[in-house]
Amino acid sequence: QVQLQESGPGLVKPSQTLSLTCTVSGGSITTKYYYWSWIRQPPGKGLEWIGYMAYSGSTDYSPSLKSRTSISRDTSKNQFTLQLSSVTPEDTAVYYCARAPITRATTEWDAYDYWGQGTQVTVSS
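Draft legend 1. Focus on unusual backbone geometry. With an omega of -5 degrees, the peptide bond between Lys 32 and Tyr 33 qualifies as cis. Looking at where Tyr 33 falls in the secondary structure, it is placed in the loop between strand 3 (18-25) and strand 4 (34-41). One non-glycine residue, Asn 78, lies in the positive phi region at around 55 degrees. With a phi angle near 50 degrees, Ser 86 is a residue other than glycine that sits in the positive phi range. Relative to the helices and strands, Ser 86 resides in the loop between strand 8 (79-84) and strand 9 (93-101).

Draft legend 2. Molecular detail of the pairing of strand 4. Within strand 4, six of the eight residues are buried, which leaves the element mostly enclosed by the surrounding structure. Pairing of strand 4 with strand 9, which is carried by eight bridges, proceeds in the antiparallel orientation. Each bridged residue has a counterpart across the sheet, and for Tyr 35 the counterpart in strand 9 is Ala 100. Linking two consecutive strands that pair antiparallel, namely strand 4 and strand 5 (residues 48-54), is a turn of six residues; a positive phi of about 70 degrees is found at Gly 44 within it.

Draft legend 3. Spatial organisation of the packing of aromatic side chains. Using the criterion set out here, one finds nine aromatic pairs in the structure. The interplanar angle of 90 degrees and the centroid separation of 6.0 Å between the aromatic rings of Tyr 35 and Tyr 112 together place this pair among those described as edge-to-face. You can see Tyr 35 sitting in strand 4 and its partner Tyr 112 sitting in the loop between strand 9 and strand 10 (114-115), a full 77 residues away along the chain. With relative accessibility at 3%, the residue Tyr 35 sits in the buried group. With a relative accessible area of 4%, Tyr 112 lands in the buried category. Geometrically, the ring pair formed by Tyr 96 and Trp 115 is edge-to-face, given 5.6 Å between the ring centres and 85 degrees between the ring planes. With Tyr 96 in strand 9 and Trp 115 in strand 10, this pair connects stretches of sequence that are 19 residues apart. Here the guanidinium or amino end of Arg 99 rests over the ring plane of Tyr 34, the centre of that ring lying 3.7 Å away.

Draft legend 4. Structural view of the environment of Ser 37. Position of Ser 37 among the secondary structure elements: in strand 4. Overall, the relative accessible area of 0% leaves Ser 37 in the buried class. The spatial distance from the C-alpha of Ser 37 to the C-alpha of Asp 110 is 13 Å, given a sequence separation of 73 residues. Beyond its immediate stretch of four places on either side in the chain, Ser 37 contacts Trp 49, Gly 51, Tyr 52, Phe 80, Tyr 96, Cys 97, Ala 98 and Tyr 112. Polar side-chain contacts of Ser 37 include one of 3.0 Å to the side chain of Trp 49. A distance of 2.9 Å separates the side chain of Ser 37 from the side chain of Tyr 112, its partner in a polar contact.

The rules we used
Residues numbered from 1 in each chain as written. Predicted model: local features only at pLDDT ≥ 70, side-chain atom pairs only at ≥ 80, totals over all residues. Heavy atoms only, no water. Helix = DSSP H or I, 4+ residues; strand = E, 2+ residues; numbered from the N terminus. Buried < 20%, exposed > 50% of the residue type's maximum accessible area, 1.4 Å probe, protein only. Pairing = 2+ DSSP bridges. Phe/Tyr/Trp six-rings, centres within 6.5 Å; stacked < 30°, edge-to-face > 60°. Lys NZ or Arg CZ within 6 Å of the ring centre and 35° of its normal. Contact = heavy atoms within 4.5 Å. Polar contact = N/O pair within 3.5 Å; in protein donor to acceptor, adjacent residues only side chain to side chain.

These figures come from the coordinates and say nothing about function on their own.
What follows is the structure, encoded as structure tokens:
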């Protein structure tokens, strides 16, 4: 059914901007009533919610990352993007995109019915 695939550079230099794209097939990113999240997992740590783009185009971000995060979308390509600025090695993680219904909380991991495979991003000079 719905498939998500993350893409973008696997290596980013400190202070630069991490940019990833999630390409969705089998379903529209504008379909009611879902939101589309970026989630990451640093090595040896748990999942961390970064932010989402809802079907309506509205966005929300983790308070800890809000100042550095921007999520946008291109509905013509059925994809949404993550930009995380001023990265440090602490941003090294596997980054996922995933879908959840708007009735569920962003950190309810079992609410996400579809996940991308994840993409490794390493922040290093």
